[in-house]
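Residue-level structure breakdown
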Amino acid sequence: MVLMEVSGLPVELWQLILSYLCLPDLGRCSLVCRAWYELVLSLDKTRWRQLCLGCLEHRHPNWPNRPGVEPQSWREAFKQHYLASKTWTKNTQDPESSNCLSLFRRRKGRRRLCIGAGGEFGSLRAALAAASSYDCLVLLPGVHEEQGEVLLKVPVEVVGQGKLGDVALLASIDQHCPTARLCNVVFMPAHFTSVLYKTTSGYVQFDNCNFESGQLQIHAPGACQVKFCTFNQSSIHLRNVALCVLENCEFIGSENASVTVEGCPSSDRNWACKHLAMLAKSCAASMQEPDPAGCPVAKQNSWGESLLGPVGRCEIVVGEERSSFLSAVSAQALLGLAQEDTELGENLWAAKEEEYPALDSNSSDSDLCSDDEEDAQAVYKLPYQAHSLSHTLADVTDRRLQGNRLHALQRDLKLKSLQQELQQDKEAQSLANSLQGCIIRQCLFRDGKGGIFIYSRGQAKLEGSIFRDLTYAVRCIQNSKVIMLRNDIHHCKASGIFLRLSAGGLIADNNIHSNCEAGVDIRKGANPLVLCNKIHSGLRSGIVVVGNGKGIIRSNQIYGNKEAGIYILYNGNPAVSGNHIFQGLAAGVAVNENGRGQITGNIICENQWGGVDIRHGGNPILRNNLIFCGYSDGMVVGERGKGLIEGNAIYGNKGCGVWMMSSSLPHLVNNQISHNSIYGVAVFCHKDDAGNYTPGQGASESFQEETEGASGENNPDSEEEYPAARHPISVALVELNRINHNGAAGLYVKSSEALNIIANVIHANHDGGVAVLQSSQLTHITNNSISCNSRGGVLVEAKCQVELRGNGIYDNSSHGIVSKGEGVIAENDIIGNHRCGIQLLQAADMKVTKNRIQSFRDYGIALFDEAKGLVQENLIFQGRSKKSILRPISNAEDCDIQNNMLLTFKKRFDMECMLINPPARPHIEGGALGSCTVTDGQRVSSITSRVDGGCHNHGSIFCTIL
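With respect to the overall build of the protein
Summing up its helical and strand segments, the protein has 20 helices and 76 strands in all. Looking at the protein residue by residue over its 962 residues, the buried ones come to 58%. About 37,300 Å² of surface is accessible on the protein, with carbon and sulfur atoms providing 50% of the total.

Focus: the environment of G746
Among the secondary structure elements, G746 is positioned in the loop between strand 56 (738-740) and strand 57 (747-751). A relative accessible area of 0% means that G746 is categorised as buried. Residues G746 and I678 lie 68 residues apart in sequence; the distance between their C-alpha atoms is 8.7 Å. Dropping the residues within four chain positions of it, G746 is found in contact with Y679, G680, V681, I739, I762, N765, G768 and G769.

Considering the pattern of salt bridges
A complete count under the given rule lists 29 salt bridges for this structure. Its salt-bridge partner being K461, residue E463 comes within 3.9 Å of it at the nearest N-O pair. By the burial criterion, E463 is buried, and K461 matches it. One salt bridge in this structure joins D767 and R791, with 3.9 Å as the shortest N-O distance. Here the residue D767 occupies a position in the loop between strand 59 (761-763) and strand 60 (770-775), and R791 occupies one in the loop between strand 62 (785-787) and strand 63 (794-796), the gap between them amounting to 24 residues. Through salt bridges with shared partners, a single ionic network connects R110, E157, R181 and D207.

Some remarks on the side chain of S632
Counting through the fold element by element, S632 comes out in the loop between strand 47 (626-628) and strand 48 (635-637). A distance of 3.4 Å separates polar atoms of two side chains, one belonging to S632 and the other to D633.

Overview of the packing of aromatic side chains
As enumerated under the stated definition, the model contains 17 aromatic pairs in all. Pairing Y197 with F206 gives two aromatic rings, centres 5.1 Å apart and planes at 85°, and the pair type is edge-to-face. The buried category is assigned to Y197, whose relative accessible area is 0%. Judged by relative accessible area, which is 0%, F206 ranks as buried. Taking 4.6 Å as the distance between ring centres and 0° as the angle between the ring planes, the aromatic pair formed by F251 and F445 counts as stacked. With F251 in strand 18 (residues 250-252) and F445 in strand 23 (residues 444-446), the pair connects residues that are 194 residues apart, well separated along the chain. Here F251 matches F445 in class, with each residue buried. Here a set of aromatic residues connected by ring pairs shows up, and it is made of F187, Y197, F206, F211, F231, F251, F445 and F467. Over the face of the ring belonging to W63 we find R59, whose NZ or CZ atom lies 4.0 Å from the ring centre.

Focus: the packing of helix 3 (residues 23-30) against helix 4 (residues 34-41)
Running from N to C, helix 3 and helix 4 cross one another at 140°; their axes reach a closest spacing of 7 Å. Only W36, Y37 and V40 of helix 4 make contact with helix 3, whose side of the interface consists of L26, C29 and S30. Residues that form the contact of helix 3 with helix 4 fall into these classes: five nonpolar, one polar and no charged.

Brief notes about helix 17 (residues 426-433)
For helix 17, the full list of buried residues reads A428, L431 and A432. Taken end-on, helix 17 shows its buried residues confined to a sector of 100°, consistent with a single buried face. Exposed positions of helix 17 whose direction lies more than 90 degrees from the buried face are K426, E427 and N433. In the core, the buried residues of helix 17 are packed alongside helix 16 (418-424), strand 25 (459-463), strand 28 (481-485), strand 31 (504-508) and strand 34 (527-531).

What to know about helix 4
Turning to helix 4, its buried residues are W36, L39 and V40. Summarising the axial view, the buried residues of helix 4 lie within an arc of 100°, below the 170-degree limit, and thus occupy one face.

Considerations on a nonpolar patch on the surface
There is a patch of nonpolar side chains on the surface, built from L9, L13, L16, I17 and Y20 and spanning about 490 Å² of accessible area. Mapped onto the fold, I17 is located in helix 2 (residues 11-18). Among the residues examined, I17 registers a relative accessible area of 39% and is labelled partly exposed.

Comments concerning the environment of Q557
Residue position: Q557 is located in strand 38 (residues 557-559). Residue classification places Q557 among the buried residues on the basis of a relative accessible area of 2%. Spatially, the C-alpha atoms of Q557 and N579 are 6.0 Å apart, while their sequence positions differ by 22 residues.

Topic: the confidence of the model for the protein
Chain-level statistics for the protein give a pLDDT mean of 79 and a share of 73% at 70 or above. Here residues 927-962 is a poorly scored stretch, pLDDT under 50, and it has 164 contacts once near neighbours within four places are set aside; other chains count.

Notes on the environment of N184
Mapped onto the secondary structure, N184 falls in the loop between strand 8 (179-183) and strand 9 (186-188). A C-alpha to C-alpha distance of 7.8 Å links N184 and N210, two positions 26 residues apart in sequence. Within the structure, N184 has its side chain in polar contact with the backbone oxygen of G160 (distance 2.8 Å).

Here we look at the pairing of strand 31
When a strand is regular, its side chains alternate between the sheet's two faces. With five of five residues buried, strand 31 lies mostly within the body of the structure. Burial of the side chains of strand 31 extends over both faces: G504, L506 and A508 are buried on one face and G505 and I507 on the other. The pairing of strand 28 with strand 31 spans five bridges and is parallel. Bridge pairing in strand 31 places I483 opposite L506. Inspection of the sheet shows strand 31 paired to strand 34 by five bridges, in the parallel sense. What sits directly across from G505, in strand 34, is P528.

Notes on unusual backbone geometry
Residues W63 and P64 are joined by a peptide bond in cis, for which omega reads 5°. Tracing the backbone shows P64 in the loop between helix 5 (47-54) and helix 6 (74-87). Looking along the chain, the bond that leaves A220 and enters P221 is cis, with omega of 5°. With respect to the helices and strands, P221 occurs in the loop between strand 13 (215-219) and strand 14 (223-227). Even without glycine at this site, N670 takes up a positive phi of about 60°. Structurally, N670 can be placed in the loop between strand 52 (665-669) and strand 53 (672-674). Looking at N670, the relative accessible area reads 14%, which means it is buried.

Section: the side chain of N579
By secondary structure assignment, the location of N579 is in the loop between strand 40 (575-577) and strand 41 (580-582). A distance of 3.0 Å separates a polar atom in the side chain of N579 from the backbone oxygen of I553. Once residues lying within four places of it in the same chain are set aside, the contact partners of N579 are I553, R554, S555, N556, G601, N602 and I603.

Rules used in this analysis
- Residues numbered from 1 in each chain as written.
- Predicted model: local features only at pLDDT ≥ 70, side-chain atom pairs only at ≥ 80, totals over all residues.
- Heavy atoms only, no water.
- Helix = DSSP H or I, 4+ residues; strand = E, 2+ residues; numbered from the N terminus.
- Buried < 20%, exposed > 50% of the residue type's maximum accessible area, 1.4 Å probe, protein only.
- Areas by Shrake-Rupley, 256 points an atom, 1.4 Å probe, with all protein chains shown as cover.
- Contact = heavy atoms within 4.5 Å.
- Salt bridge = Lys/Arg side-chain N within 4 Å of Asp/Glu carboxyl O.
- Polar contact = N/O pair within 3.5 Å; in protein donor to acceptor, adjacent residues only side chain to side chain.
- Phe/Tyr/Trp six-rings, centres within 6.5 Å; stacked < 30°, edge-to-face > 60°.
- Lys NZ or Arg CZ within 6 Å of the ring centre and 35° of its normal.
- Axes fitted to C-alpha atoms, helices over the stretch in contact; angles between N-to-C directions.
- Nonpolar A, V, L, I, M, F, W, Y, C, P; charged D, E, K, R; others polar.
- Arc of directions from axis to C-beta.
- Patch = residues over 30% accessible without salt bridge, like charges linked within 9 Å, V, L, I, M, F, W, Y side chains within 5 Å.
- pLDDT = per-residue confidence, 0-100.
- Pairing = 2+ DSSP bridges.

Structure (structure tokens):
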């Protein structure tokens, strides 16, 4: 019958009728049948909304952060408000056998006592003297002042009548009962103390209250729940609490920290902790993680894919503005370099398949010959393509392998979501699910000195809160632990989050931006997990790790900061992996003042200064990063910089690929360095062209407690954590790198110290392969493949000392080797270069021995001016010009030429066999160069001003770090 009645009218009409019912009638209707129950539920945006907003004791469910946003369910919000007046009575300290009797007694005997003008009692003290357990004490509108401390000895509920603000209570209350609730009251301090409320044992619940210029003190085993309250120049001090919950509260204008959490959570739990834990878990379940498909983070997550896919989709969203991830110029450049690499790979593979192979370089490599010379050149060329490094270049540039490599980069460097990180990291998952100490949700902290201060092994969990216009948001010290999830921290006058003195915890999925100092400041042994945050638009650095600070920094987006995205100094030693660090106004990652760290698997791009900058004893491990499209150099290793730089892809930067100072000692190994606008790798003197530095590019840097890092002791476990430190090097090493298609020389040396250049592929650069312009110490150039560069293979200027041994110098557009300096040229293959194989000029003094040399159009070895030395035991093959050694050779009397073999070819078979025993150089132990794949790994008082080089021909542009 009822179902027929329900179906007899349109649903809209039933909803209109039911919207006039009061709360008890709605409850009765919902019990009639399922159809009526669903009808009552359908009134969520009408009647339930009216009931929720119409209650004077309740604020908007999304106050204070989002009062204009409707909750998911008005009925559920009203239910929570309604149950707030019941939950404080749910448990008692009575024996379990008398639970039913105690509940019955409470309900049967509960009284309502009115206090104030027209009420039964003139003061709160008098009403408490007459109250029984669980009575409701109603404060009538007006100001209620107590002259002495009020003791709360029986569990009661104190409720202000009327709107919030109608009832003001000037008192200091000390709770000595198991439970109490206070609602709709403005608390103001009494004249004799600033303590508004204190409990050392019981549970207290505050709903919809205001606290003015005072303090709440909760000591273990006490506990509290504070909801929809305003703290105006007031604070909460929690000491050793097992569990407290603060929800939907507003903290304004605090003179110190708004919430202070002191001491390890007590094992002596209050009876209400079980209820609070259940409440916290239910709230955590209701806080849904943002949909990746509909938020700016997801669009930024896709930029790794866009980078390696069609450029038309390369865009991210920063804030509310859509900006190109790669500028149009950068995008076109990347497309061009990919096409060049693909064409080069096809040519190399085609050459290998021919019976008499010859390298057919395209226009991006070197214009070796005109069309009418191709046939003649093929006759005289030696087959060197199968030498031990050429195949690695083919691997990099072959069409099929290029696609696989890009897909691997795309897969491995894609930014992970917090859910993915928690699934893989059990420690992070445990921290995210922990419920201890103080839990703060959906609160607003603004316009004060500090937000949360945690010390002496305290613990706090912050979720969905906003911290703005404070001096600092969170300060965690002395072995304390903070868990921060989905908070918004911005416009702090100092750093947003401070961690000191072995503090730890989890900082995940927060939006940290526009702070005057660092977004996150880690020092003095602090070791947090920093995951999946957006850290951007800061006036200084994004993350600073100082003074033996550690931490795991993973899967964050760090962009748009005025100084370094991540700044490591004074023995800071974090693990930085899987982050996207882009569009910074200075360096992407800066390692300075003996900073260390393991920096692996990051995307670092479009930063104004060096993508990575290492100076002043900085000694990181930098492995498998993608460093590209920077507005200056890809990587800068400045004065006294060190570190292992391995397996990185460094390309498309407007400055050099890698810029090094001669006073630095890095180990640069197995990197792909290509398509940079100036040099691939440049090594400069300590004070080269200091006058070219543009004023205003430097800055001054100062930190609070700046001396703490310098005076801190080193970690005794550092030897185990930092294996590179076990193998210090005394000479800078550049080895096993692929340096190709750069805008100037592949490797440019203007150094005052020794340098080892070993087993690199230096190919198709738009100037020479290797240029040594200044080298007062010996430069070793050993076992490199130097080919198809737009000018000569190797240039050695006057007064430079070099040792060229075991190199393959092929198909360069000018001379193979030009030397005006001193040293040794031994056991090299110098084949197919457009001009002379070796040319010695001016006062060159070289020992040229046991080389195999063929020049297609010019002399094998040419000596001019006052060149001297020893030229012996070389094999010089006839080129098309039929020239071998220039005669007269030189004006120098002590130039010794002896025991050289001049060979001509009568058959192609002879030519094919010339570079077989030994095979074409270079010869590398262990075979091949490893492929460059990218996988996941794990306040300085003043800024170094630019003293080293400043322009295309002499040094780096904007290479100074913060």
